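The residues making up each chain are set out below.
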Protein chains: 2
Amino acid sequence: MYNACKSGTSEKNPLPEKTQKKPSRIQQRNRRLILDAALEVFSRHGFRGATLDQIAAEAGLSKPNILYYFDGKEDIHLTLLSQLMENWLDPLVEMNPAGDPVKEILAYVQRKLDMARELPRESRLFAGEILQGAPRIRPELEHHLKPLFDEKCALIARWVDEGRLPPLDPRHLIFSIWATTQHYADFESQVSLLMDAADDTYASAARHLETMFTRLLTA
Amino acid sequence: MYNACKSGTSEKNPLPEKTQKKPSRIQQRNRRLILDAALEVFSRHGFRGATLDQIAAEAGLSKPNILYYFDGKEDIHLTLLSQLMENWLDPLVEMNPAGDPVKEILAYVQRKLDMARELPRESRLFAGEILQGAPRIRPELEHHLKPLFDEKCALIARWVDEGRLPPLDPRHLIFSIWATTQHYADFESQVSLLMDAADDTYASAARHLETMFTRLLTA
DNA sequence: AAAAATTTTTACCATTTGGTAAAGCCAAGA
DNA sequence: TCTTGGCTTTACCAAATGGTAAAAATTTTT
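What you see is a predicted model; the values in this text were computed from it and never measured.

### Thoughts on unusual backbone geometry
Residues and elements named next belong to chain A.
Next up, step 1: The phi torsion at A134 lies on the positive side, around 50°, for a residue other than glycine.
Next up, step 2: Relative to the helices and strands, A134 is located in the loop between α6 (120-131) and α7 (138-161).
Next up, step 3: Overall, the relative accessible area of 1% leaves A134 in the buried class.

Spelled out as structure tokens, the structure:
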């Protein structure tokens, strides 16, 4: 069994009982504080751009105190990334093989767009990691993302074979969905500069993406 | 007149004649070496992740020698970004108001995809900067990108008004083009992990994007 | 060739930063 | 009350890193 309290690849044992006993209330609270602060800082400045001092300040704790709860900067980053992966894959997992192809895919697009709006920090954290060659998260990608991706590609290919979708490359369809939805979180600084501040970017984006993918999938 | 030899926002004058006289042959060569090395390093590790030592090693020069040609790390980065902006906007500039709307936009998509394939380092450098809130390039975005964006949005809106394109939001159309094409460069590590290494990713991506935007624009 | 200007290297420096050791604090149980 | 064990702080450190001064080497000009 995997102990949810312990992070990624660890050898040391800074918290004497961490691997065995239940985390105390204060432990839960502080780990949460740290991870939340780290998400903020890492997503804004990238792994190397972030400093433990910044994270400590954001969390309202001292730097050594942070290192009491995590084995180091890398440990915090990896913990964050691992936790993120679950939520990240969720919308794709929910794509239902028994449902209507067009409806399922359009719903997936909307769920992805919702995530970009509600979790922009997570999106940027992930984007930054991939952008730099996924040095820390590649194993996670191989073990969790790749199988799911292959499974859903096969599903979409089947839908195409059955004539329930027009001919298209499932892999590139998924890439296009990821790219267009995450764009609003990852490139937010550019988007907000180019959009008139007046109207709701995400609302109009939702309409546009629905239009685009509807036309693609019902040709 | 803007002196191409001088970089972004500078006050100091490390090269005595740089602002006035023509750059010597050796000066041209070394500045080029440094910028090329810096592009490599910055695009792989981001601004803060890159070190002058890495850039120096990659360029085959010593660190102080690099600081003889540039005012500092920031100066190199900004120079790179400014030079990039031109090439980056070029494909959009080329979108011809007198041409056929669908053809023009599809051609733009292909040009953008070509750029992602041929200049992935530039794409990632730009993406990294935007991802972190465009702290160094925002003025360039405002002065160069924004006016061009607005102009082309107006053009596309006119095409829609004239009934030569189906109803759509020009802003989100452009975002979708940027997102889907740059995705192949910016998220290359993920894409290459998910695609079977066998087939040509960019070739199939080109077909997919042509299909997708054709269906969107000819509905 | 000598002088002048430019380019490169050597030897540093100050700051930042991830991380540690050890003493002090504080709450719960004996 | 006293002790035990987890939690926090204070005071550090070694390495990395952006940057500089000035001498040495090289190229260009006269």
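### With respect to the relation of the copies chain B and chain A
Between the two copies of this chain, the relationship is a rotation about some axis together with a displacement along it.
Next up, step 1: Once chain B is rotated about the relating axis by 180° and shifted along it by 0.0 Å, it coincides with chain A to within an RMSD of 0.0 Å. Classification of the inter-copy transformation places it as that of a two-fold axis. Judged by C-alpha distance, A179(B) is the residue of chain B that lies nearest the rotation axis, at 2.6 Å.
Next up, step 2: A shared interface surface links the copies, since 100% of the contact residues of chain B are contact residues in chain A too.

### With respect to the interface of chain B and chain A
Next up, step 1: The interface of chain B with chain A comprises 57 residues on the first partner and 57 residues on the second.
Next up, step 2: Its largest share of buried area at the contact with chain A, chain B owes to L131(B), L194(B) and R215(B), together 15% of the area lost on that side.
Next up, step 3: If you look at where chain B meets chain A, you find two salt bridges.
Next up, step 4: Its salt-bridge partner being R171(B), residue D199(A) comes within 3.3 Å of it at the nearest N-O pair.
Next up, step 5: Contributing elements (two or more residues each) for the side of chain B that touches chain A: α1 (25-49), α6 (120-131), α7 (138-161), α8 (170-186), α9 (188-194) and α10 (201-217) of chain B.
Next up, step 6: Tallied by class, residues from the side of chain B that touches chain A come to 26 nonpolar, 19 polar and twelve charged.

### Digging into the packing of helix α8 (residues 170-186) of chain A against helix α10 (residues 201-217) of chain A
Residue and element names in this part refer to chain A.
Next up, step 1: Running from N to C, α8 and α10 point in directions that differ by 170°, and their axes come no closer than 11 Å. Our classification of the angle between α8 and α10 gives roughly antiparallel. Note on element contacts: α10 touches α8 through T201, Y202, A205, L209, M212, F213, L216 and L217, opposite L173, S176, I177, T180, T181, Y184 and A185.
Next up, step 2: Across the contact of α8 with α10, the residue classes break down as eleven nonpolar, four polar and no charged.

Reading guide: rules and limits
Residues numbered from 1 in each chain as written. Chains lettered and ligands numbered in written order. Predicted model: local features only at pLDDT ≥ 70, side-chain atom pairs only at ≥ 80, totals over all residues. Heavy atoms only, no water. Helix = DSSP H or I, 4+ residues; strand = E, 2+ residues; numbered from the N terminus. Buried < 20%, exposed > 50% of the residue type's maximum accessible area, 1.4 Å probe, protein only. Least-squares fit on C-alpha atoms with pLDDT ≥ 70 in both. Contact = heavy atoms within 4.5 Å. Buried area = accessible area lost by both parts, 1.4 Å probe. Salt bridge = Lys/Arg side-chain N within 4 Å of Asp/Glu carboxyl O. Nonpolar A, V, L, I, M, F, W, Y, C, P; charged D, E, K, R; others polar. Axes fitted to C-alpha atoms, helices over the stretch in contact; angles between N-to-C directions. Parallel < 35°, antiparallel > 145°, perpendicular 65-115°, else oblique.

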